[in-house]
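One letter stands for each residue in the lines below.
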Amino acid sequence: PMTNVIGRFGPDAGRRIALLAHWDSRPWSDHDPDSTRHAEPMPGANDGASGVAVLLEIAELMHEKSPAVGVELVFLDGEDLGTASNPDGYCRGSRIYAARARREDLLAGFVFDMIGDRDLSISPDLVSASNATNLVSLVLEAARATGAKHFLPTPKYDVFDDHVPLIQAGIPAVDVIDFDYPEWHTTRDLPDRVSAASLAEVAAVAAWIVYDSPLATRRP
């Protein structure tokens with residue numbers, strides 16, 4: 001069984017924004033340079049836990065100061081169960097969330113994934129740049145407003161992540177991700193590969209979206 005966990009903050013009525021991260025980690029390490037370790041579970045310090053850490057930080061902030069706009073924090077399960085031969089194994093939780101969400105109530109979705117890299121470099125992915133240009137611009141505006149140094153404007157990777165099912169369901173969504181991570185899907189995705197400074201930079205961007213962006217003052 002898999003479970004999405006959703007926390008709601010701010011006004012109960014009116015339109016909302018969603019911040020999303022997957023809380024599962026891959027049960028095998030198929031990209032490990034040591035082939036004898038491919039069957040071992042991936043620790044997921046960056047690919048999973050980093051996005052969760054940012055959402056928990058935002059939860060603490062919103063507990064202290066309620067946002068003016070409704071906010072859903074969505075902890076997705078079943079993101080990382082796919083393979084090349086079974087691509088439908090990916091993004092299971094986000095497909096369920098997108099299918100059950102009231103599209104007319106959601107202004108936007110912001111996915112945070114693999115954002116704790118010590119050598120942080122976040123570029124828009126090609127799917128977001130093609131389908132949610134306004135949200136890509138909003139994330140870059142948030143980076144400028146908060147002094148974030150590691151957000152770049154040029155789209156880079158074609159990423160299939162939890163934003164794709166939302167976009168396919170008609171929900172505007174953007175992926176905030178640093179896909180240039182050598183420890184991806186290996187046994188080396190450990191806490192020593194994650195930077196507190198990177199997490200803090202991305203959390204500040206997320207907080208600006210919740211409290212200071214044009215979405216934050218959007219009325220029903």
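Everything below is about the structure printed above this text.
As a starting point, this report considers the structure included with it. Given the structure is predicted, the values throughout are model-derived calculations rather than measurements. (Residues numbered from 1 in each chain as written. Predicted model: local features only at pLDDT ≥ 70, side-chain atom pairs only at ≥ 80, totals over all residues. Heavy atoms only, no water.)

**Description of the environment of L81**
Topologically, L81 is positioned in the loop between β3 (70–76) and α2 (92–100). Judged by relative accessible area, L81 falls into the partly exposed class, the value being 23%. Taking the C-alpha atoms as reference points, L81 and S213, 132 residues apart in sequence, are found 34 Å from one another. Discounting residues that sit within four places of it in the chain, L81 has contacts with M2, R26, P27, W28, N86, G89, Y90 and R92. (Helix = DSSP H or I, 4+ residues; strand = E, 2+ residues; numbered from the N terminus. Buried < 20%, exposed > 50% of the residue type's maximum accessible area, 1.4 Å probe, protein only. Contact = heavy atoms within 4.5 Å.)

**Section: the pattern of salt bridges**
In total, this model carries 8 salt bridges according to the counting rule given. In this structure, R16 engages E72 in a salt bridge whose closest nitrogen and oxygen atoms are separated by 3.7 Å. Here R16, found in strand β2 (residues 16–22), pairs with E72, found in strand β3; they are 56 residues apart in sequence, far enough to count as distant. Taken as a pair, R16 and E72 share a single burial class, namely buried. (Salt bridge = Lys/Arg side-chain N within 4 Å of Asp/Glu carboxyl O.)

**Some details on the sheet that holds strand β4 (residues 106–113)**
In a beta sheet, neighbouring strands pair by backbone hydrogen bonds and run either parallel or antiparallel. Reading across from one edge, β1-β3-β2-β4-β5 is the order of the 5 strands in this open sheet, with mixed pairing throughout. The open sheet has two edge strands with one neighbour each: β1 (5–9) and β5 (173–177). If you compare each strand with its neighbour and ignore which way they point, the axes differ by 20° on average. Relative to β4, β2 runs parallel, the two sharing 5 bridges. Bridging from a neighbouring strand, A18 pairs with G109 of β4. Where helix α1 (residues 49–64) meets the sheet, it contacts β1, β2, β3 and β4, and its direction lies at approximately 150° from that of β3. (Pairing = 2+ DSSP bridges. Axes fitted to C-alpha atoms, helices over the stretch in contact; angles between N-to-C directions.)

**Quick look at α2**
Residues of α2 that are buried: G93, S94, Y97 and A98. Buried residues of α2, seen end-on, are gathered within an arc of 130° and therefore sit on one face of the element. What points out from α2, more than 90 degrees from its buried face, is the exposed set A99 and R100. Where α2 is buried, its residues meet β1, β2, β3, β4 and α5 (163–168). (Arc of directions from axis to C-beta.)

**What about unusual backbone geometry?**
Unusually for a residue other than glycine, M114 sits at a positive phi of about 55°. One non-glycine residue, H185, adopts positive backbone phi at about 60°. Mapped onto the elements, H185 comes out in the loop between β5 and α6 (196–211).

**Considerations on the packing of helix α4 (residues 133–146) against α6**
Remark: α4 packs on α6, axes separated minimally by 9 Å, with the N-to-C direction vectors making an angle of 110°. Of the possible angle classes, the one that applies to α4 and α6 is roughly perpendicular. Crossing of α4 over α6 shows right-handed handedness. For the pair formed by α4 and α6, the contact residues are L138, V139, E141, A142, A143, A145 and T146 on the first element and A204, V205, W208 and I209 on the second. Class assignment of the residues belonging to the contact of α4 with α6 gives a composition of 9 nonpolar, 1 polar and 1 charged. (Parallel < 35°, antiparallel > 145°, perpendicular 65-115°, else oblique. Left-handed = near helix turned anticlockwise from the far one by under 90°. Nonpolar A, V, L, I, M, F, W, Y, C, P; charged D, E, K, R; others polar.)

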